[in-house]
Amino acid sequence: MISTKLPKMFYGGDYNPEQWDQATHQEDLRMFKLAGIDIATINVFSWAKNQPDEITYNFGWLDELIDSLYESGVYVCLATSTGAHPAWMATKYPDVLRVDKDGRKRKFGGRHNSCPNSPTYRLYSERIADKLAERYKDHPAVLVWHVSNEYGGDCYCDNCERAFRVWLKEKYQTLDQLNRAWNTAFWGHTFYDWDEIVLPSNLSEEWGDRYTNFQGISLDYSRFNSDSMLNCYKLEYNAIKKHVPESVVTTNLMGFFKQLDYFKWAKYMDIISWDSYPSLTTPPSETAMANDLMRGLKDGMPFMLMEQTPSQQNWQPYNSLKRPGVMRLQSYQTVAHGADTVMFFQLRRSIGACEKYHGAVIEHVGHENTRVFREVAQLGEELQRIGDRLLDSRADAKAAIVFDWDNWWAIEKSSGPTIALNYVQQIHKYYAAFYNRNVQVDMVSVDTDLSAYDLVVAPVLYMVKPGFAEKLEAFVENGGTFLTTFFSGIVNENDLVTVGGYPGELRKMLGIWVEEIDALFPDQKNKVVLKDKFGKLQGSYECGMLCDLLHTEGAEVIAEYGEDFYKGMPAVTRHTFGKGEAYYVATDPEQCFLDELIEKITTDKGIQPNLSAPSGVEVSRRVKDGISYLFVLNHNTEIVSYDLGQLEAEDLISGHQLSGTVSIEGRDVQILEV
Ligand code: GAL
């Protein structure tokens, strides 16, 4: 559990009382009680308040705030306030200001605007974290330390350029090695001096957001940028740990956030926390997948839902209200996938600037007679009742999906074969095939130990990092089932093609050889035609985007293309390798094909759904001390029923004993203890 001081699911969120007067703060405390709120994230954007100039620090207001929250039964998630630098710092030390990809130096404004390689930013951010930790190290209210806020963005300033060269020197040692890794013989890019290397921006190698002339340098820049920010985080992390070694330190992540390699970051986070902002049209499977990724960052360890809106956002084009019941449903969905906290942005709605139309527990009207407050209070009451029952429980999956940031960067920086290839969308198609049947799945990295899994799926494993092919081979040889897709096994970790036939290092295990890759226009389709019935699959299905033209080298053909000059060539194959099997899906088939394919493969492996339930009803599982908690989440607006079969269960929320055919209201939740 995150803290024995609060042995329940933390409930609360971001709180910015510095925007209000004392009377309002007192009123907030009264309302927090009514809502069952027991934690407040404070000090996120208060750097300018805490430090009005270079040498003065004012923490008096924070002392009072922390004390008054604590006295009223509210614990604290204490941020370090470095999410936005003060205006005086930007004026006096312009090195804190970033340079954008078009080479424009920013001025003061907005947030997340500090250059990660600015000596000034590093000095003062570390210093304030140090001072805060020293001051509040023994305060009983502080349960979690929250470094900065949603790290992200990039910078192309001279400091970053110099730091990039240092980073490269460390990585490659010699220019010869770097020239080889980036294949700089192409277009006469050979470097003879480290200082000739400039950052890949729109002024040099990159063209807009997507393409680059030199994948090698762009890929290394993405790694370097992620590392630069991680180094800033580590400075603050270490400053806190110096004073409070046993502290729980985190920073709030953002799910599938492209710029930062969260698997690398996770090693320096005591607990993962993240901000979940689905819109009205986000499919529940996407939110589920993002939660599973967050759980996967630390090998299944429970994480914190640090932020979600109780009602609406302000930054989406159309900021719909969460319909009645949806906030509760989404909160439990996050818990179902491994969260041990439910927290909001924000507890009270601002009156000025761009977040004044962002939802809050306490709205502009200022009292508790609102739909949103009532829903928040109901959930608060339920979480009090559930107490510590679910804390530390784990989701146990037999299937895993591999996700890799370097692979993501490399795929989407690639010039060709198609602009339509979106890595996360491909991951989601396979994830949805599990989700649609309520089969539990973990999101894992290439470093994860695969031995706990029976089935591993790695959609578009374009980049094969050193050692990963051998690891997969060992997994399959020992009886595991592996599935990968088109555009896999193409390059090494430097984005250099593995010659000798695609899918390179995966070729032997997959028993195939890919000769060519066809890219289809958006309205151009081909067909995947089953040779024989395969599970429920039969006949033909639509496919598109990319079609690999392949030859088998020992693999069995399950389906072939139905059209074009490659009609009759294999589209889906299966290869027996050691005691296991390796599947290859050579194109991008329609979702129903993948649903049935995954159903067949999971059934063959004996991987069971958590429960069979009607469409739109998600069932996820967490397990603790031999007890399973099945979260039944009805994402439909209508009441539906499902069959418990032989199971008998108590619903943790209502206390009802359930068996046989069970009904669940639209957008309702049941947590079955079985
Ligand atoms: C998050 C951020 C919060 C707030 C929120 C609004 O990204 O961490 O500070 O801005 O968005 O949705």
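Residues numbered from 1 in each chain as written. Predicted model: local features only at pLDDT ≥ 70, side-chain atom pairs only at ≥ 80, totals over all residues. Heavy atoms only, no water.

As recorded in an unreviewed UniProt entry, the protein chain goes by Beta-galactosidase and comes from Paenibacillus provencensis. Per UniProt, the protein chain has the following entry under Catalytic activity (unreviewed entry): "Hydrolysis of terminal non-reducing beta-D-galactose residues in beta-D-galactosides." (UniProt positions renumbered as here; feature names shortened; annotations may be inferred.)

Novice: Would you mind showing me how to read the UniProt feature "domain: Glycoside hydrolase family 42 N-terminal" (unreviewed entry) in the protein chain here?
Specialist: Feature annotation in UniProt assigns "domain: Glycoside hydrolase family 42 N-terminal" (unreviewed entry) to the following positions: residues 14–386. In the segment residues 14–386, helix accounts for 40% and strand for 10%; the C-alpha atoms at its two ends are 23 Å apart. (Helix = DSSP H or I, 4+ residues; strand = E, 2+ residues; numbered from the N terminus.)

Novice: Sorry if this is basic, but what is going on with the nonpolar core here?
Specialist: Side chains of a nonpolar character, in soluble globular proteins, are inclined to be buried together. With 176 residues, the main nonpolar core has I42, L62, L69, W145, F403 and I671 as its most contacted residues. For I42, the contacting residues outside a window of four places in its chain are Y15, L62, L65, I66, L69, V76, C77, L78 and A79. In this structure, C155, A163, A181 and L199 belong to the second largest nonpolar core, which totals 23 residues. (Core = buried A, V, L, I, M, F, W, Y, C linked by side-chain atoms within 4.5 Å. Buried < 20%, exposed > 50% of the residue type's maximum accessible area, 1.4 Å probe, protein only. Contact = heavy atoms within 4.5 Å.)

Novice: Any chance you could explain the site of the ligand here in plain terms?
Specialist: Within the structure, the ligand sits among F45, R111, N149, E150, N252, D275, Y277, E307, W315, F345, E355 and H358. At 2.7 Å, a side-chain N or O of W315 approaches an oxygen atom of the ligand. Between the ligand and the protein, one listed contact pairs an oxygen atom with a side-chain N or O atom of E355 at 2.3 Å. Within the complex, the protein chains bury 95% of what would otherwise be the 310 Å² of accessible surface of the ligand. Broken down by class, the residue content of the shell around the ligand amounts to four nonpolar, three polar and five charged. (Near = heavy atom within 4 Å. Polar contact = N/O pair within 3.5 Å; in protein donor to acceptor, adjacent residues only side chain to side chain. Areas by Shrake-Rupley, 256 points an atom, 1.4 Å probe, with all protein chains shown as cover. Nonpolar A, V, L, I, M, F, W, Y, C, P; charged D, E, K, R; others polar.)

Novice: What exactly am I supposed to notice about helix α17 (residues 591–605) here?
Specialist: A turn of α-helix holds 3.6 residues, and therefore any two residues three or four places apart point the same way. When the terminal C-alpha atoms of α17 are compared, their 21 Å separation across 15 residues agrees well with the 21 Å that a helix rising 1.5 Å per residue should span. Among all positions of α17, only F593, L594, D595, L597, I598, E599, K600, I601 and T602 are buried. Just beyond α17, the residue with positive phi is G606, at close to 75°. (Expected span 1.5 Å × (residues − 1).)

Novice: Would you take a moment to explain the sheet that holds strand β25 (residues 640–651) for this structure?
Specialist: Strands pair in a sheet through their backbones, by hydrogen bonds, and they do so in one of two ways: parallel or antiparallel. Here five strands make up an open sheet; going across it, the order is β23-β24-β27-β25-β26 and the pairing antiparallel. Of all the strands in the sheet, the pair left with one neighbour each is β23 (617–624) and β26 (657–664). For this sheet the average axis-to-axis angle between neighbouring strands, irrespective of direction, equals 25°. Pairing of β25 with β26, which is carried by seven bridges, proceeds in the antiparallel orientation. Bridge pairing in β26 links E650 to Q657. Where helix α11 (residues 326–336) meets the sheet, its contacts fall on β23, β24 (627–634) and β27 (669–673), and the angle it forms with β24 comes to roughly 150°. (Pairing = 2+ DSSP bridges. Axes fitted to C-alpha atoms, helices over the stretch in contact; angles between N-to-C directions.)

Novice: Which parts of the structure should I look at to understand the pattern of salt bridges?
Specialist: Pairing between side chains of opposite charge can happen when their charged atoms approach one another. Tallied over the full model, the rule gives 41 salt bridges. Two residues, E150 and R111, come together in a salt bridge whose shortest N-O distance is 3.7 Å. Here E150 is found in the loop between β4 (142–146) and α6 (158–172), whereas its partner R111 is found in the loop between α4 (87–92) and α5 (119–136), with 39 residues between them in sequence. Taking the relative accessible area as the measure of exposure, E150 reaches 12% and is therefore buried. R111 sits in the partly exposed class, given a relative accessible area of 31%. Salt bridges sharing common partners tie together K171, D220, R223, D404, D406 and K465. (Salt bridge = Lys/Arg side-chain N within 4 Å of Asp/Glu carboxyl O.)

Novice: Which parts of the structure should I look at to understand the UniProt feature "domain: Beta-galactosidase trimerisation" (unreviewed entry) in the protein chain?
Specialist: In this structure's numbering, the residues bearing the UniProt feature "domain: Beta-galactosidase trimerisation" (unreviewed entry) are residues 397–607. In residues 397–607, helix accounts for 24% and strand for 31%; the two terminal C-alpha atoms are 9 Å from one another.

Novice: Is there a simple way to think about the side chain of K101 in this case?
Specialist: In this fold, K101 is placed in the loop between α4 and α5. Residue classification places K101 among the buried positions, given a relative accessible area of 13%. Only 2.7 Å separates the side chain of K101 from the side chain of E206, close enough to count as a polar contact.

Novice: Teacher, can you tell me more about the confidence of the model for the protein chain here?
Specialist: The predicted coordinates ought not to be read in detail in places where the model reports low pLDDT. Taken as a whole, the protein chain shows an average pLDDT of 97; of its residues, 100% reach a score of 70 or greater. Here the predicted complex carries an ipTM of 0.98, next to a pTM of 0.98. (pLDDT = per-residue confidence, 0-100.)

Novice: How do you make sense of the packing of aromatic side chains when you look at a structure like this?
Specialist: Aromatic ring pairs are defined here through the distance separating the ring centres and the angle between the ring planes. The full count for this structure, using the stated rule, is 37 aromatic pairs. For the ring pair Y221 and F224, a centre distance of 6.0 Å and an interplane angle of 45° mean the geometry is tilted. Taken as a pair, Y221 and F224 lie in helix α8 (residues 215–243) at a separation of three residues, close to a single helical turn. Judged by its relative accessible area of 3%, F224 falls in the buried class. Ring centres of Y462 and F487 lie 4.7 Å apart, and the angle between their planes is 25°; this geometry places the pair in the stacked category. Note that Y462 is positioned in the loop between β14 (455–458) and α15 (468–477) and F487 in the loop between β15 (481–485) and α16 (507–510), a separation of 25 residues in sequence. Residue Y462 shares its accessibility class with F487, and that shared class is buried. Through a chain of ring-to-ring contacts, three or more aromatic side chains come together here, namely F256, F257, Y262, F263, F403, W405, W408 and Y423. (Phe/Tyr/Trp six-rings, centres within 6.5 Å; stacked < 30°, edge-to-face > 60°.)

Novice: For this particular structure, what's the right way to read the sheet that holds strand β1 (residues 10–14)?
Specialist: Ordered by their spatial adjacency, nine strands build an open sheet running β7-β4-β3-β2-β1-β11-β10-β9-β8, and the pairing between neighbours is parallel. At either end of the open sheet lies a strand with only one pairing partner, and these are β7 (249–250) and β8 (252–253). Note that β1 and strand β2 (residues 39–42) share three bridges and pair parallel. Counted as the bridge partner of D14 is T41 from β2. Contacts from α11 reach β10 (303–307) and β11 (339–344), with the element oriented near 150° to β11.

Novice: Would you mind showing me how to read the environment of P417 here?
Specialist: By the element assignment, P417 lies in the loop between α13 (405–413) and α14 (423–435). Given a relative accessible area of 34%, P417 falls into the partly exposed group. Those residues in contact with P417 that lie beyond four places of it in its chain are F487, A519 and L546.

Novice: Explain the environment of N179 to me, please; I cannot follow it from the model alone.
Specialist: Residue placement: N179 occurs in helix α7 (residues 175–182). For the pair N179 and E161, spaced 18 residues apart in sequence, the C-alpha to C-alpha distance is 18 Å. Discounting residues that sit within four places of it in the chain, N179 has contacts with T184, H189, T190 and F191.

Novice: I tried to follow the packing of α5 against α8 on my own but got confused; where do I start?
Specialist: The interhelical angle for the contact between α5 and α8, taken along N-to-C directions, is 25°, at an axis separation of 8 Å. Here α5 lies roughly parallel to α8, going by the angle between them. The handedness of the crossing between α5 and α8 comes out as right-handed. Contacts between α5 and α8 involve Y121, R122, S125, E126, A129, D130, A133 and E134 from the first element and S228, N231, C232, L235, E236, A239, I240, K242 and H243 from the second. When its residues are assigned to classes, the contact of α5 with α8 shows seven nonpolar, four polar and six charged. (Parallel < 35°, antiparallel > 145°, perpendicular 65-115°, else oblique. Left-handed = near helix turned anticlockwise from the far one by under 90°.)

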